[in-house]
Amino acid sequence: MSDGPPALKGTETVGAVSEAAARVGLAEPALAYDYFKSMVSLSVATLGGILTLGGTVFGARIAPWQMVVAALPVALSGLIALQGQTDITQLCQGVKPRMNSTRAALRLVPALFGMGLGVFLAFLLLSYLAPDVAARLR
């Protein structure tokens, strides 16, 4: 009898790579899949928030083109995350996708998401802290 926690079923020993992980080219394809799934949901929710707040609450302070500039990177982030999910699913099923973009997506998704959210907050802060500059941008 050991004093440690019981071993989980279906886990490999440390350092071993499963067949699915080898096909995908990621150490933890299930973790990457869950990350992409969360980022798709987060991107959709953030996109809805940007468009709703930009159109109603802050509609007088933010121009429509500023909402588009802020919403576009968030939308691209969600689309790339969805594509990463699809690639991982196909690779784990043994189907080779046209272009395996999962490695690039792991870097692009948070970068685009953060850029879109940052741009929205920058336009919003600019409209409050420097209204004369924001008025010239409109």
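The rules behind each value
Residues numbered from 1 in each chain as written. Predicted model: local features only at pLDDT ≥ 70, side-chain atom pairs only at ≥ 80, totals over all residues. Heavy atoms only, no water. Helix = DSSP H or I, 4+ residues; strand = E, 2+ residues; numbered from the N terminus. Expected span 1.5 Å × (residues − 1). Buried < 20%, exposed > 50% of the residue type's maximum accessible area, 1.4 Å probe, protein only. Axes fitted to C-alpha atoms, helices over the stretch in contact; angles between N-to-C directions. Parallel < 35°, antiparallel > 145°, perpendicular 65-115°, else oblique. Left-handed = near helix turned anticlockwise from the far one by under 90°. Contact = heavy atoms within 4.5 Å. Nonpolar A, V, L, I, M, F, W, Y, C, P; charged D, E, K, R; others polar. Bend = angle between axes of the 7 residues up to and from the residue.

A. Inspection of helix 2 (residues 29-55) at higher detail. Taking 1.5 Å per residue, 27 residues should reach 39 Å; helix 2 reaches 38 Å between its end C-alpha atoms and fits that length. Looking at helix 2, one finds that the buried residues are P29, A32, F36, M39, V40, S43, T46, I50 and G54.

B. Structural context of the packing of helix 2 against helix 4 (residues 102-129). Two elements in contact, helix 2 and helix 4, have axes separated by 11 Å at closest approach and are oriented at 20 degrees. Classified by the interaxial angle, the pair formed by helix 2 and helix 4 is roughly parallel. For the pair helix 2 and helix 4, the sense of crossing is left-handed. Residue-level contacts link A32, Y35, F36, M39, L42, S43, T46, I50, L53 and G54 of helix 2 to T102, A105, L106, V109, P110, F113, G116, L117 and F120 of helix 4. Looking at side-chain class alone, the contact of helix 2 with helix 4 contains 14 nonpolar, 5 polar and no charged residues.

C. Representation of helix 3 (residues 64-92) within the structure. Its 29 residues give helix 3 an end-to-end C-alpha distance of 42 Å, which sits within 8% of 42 Å, the value for a rise of 1.5 Å per residue. Along helix 3, the sharpest kink reaches roughly 25 degrees, centred on A71 and followed within four residues by the proline P73. Immediately downstream of helix 3, the backbone of G94 shows phi near 90 degrees, a positive value.

D. Up close: the environment of F36. Following the sequence through the fold, F36 ends up in helix 2. Under the relative-accessibility criterion, F36 is labelled buried at 0%. Sequence separation between F36 and T102 is 66 residues, and the spatial gap between their C-alpha atoms is 9.5 Å. Those residues within four positions of F36 in sequence are excluded, and the remaining contacts are A81, G84, Q85, I88, T102, A105, L106 and V109.

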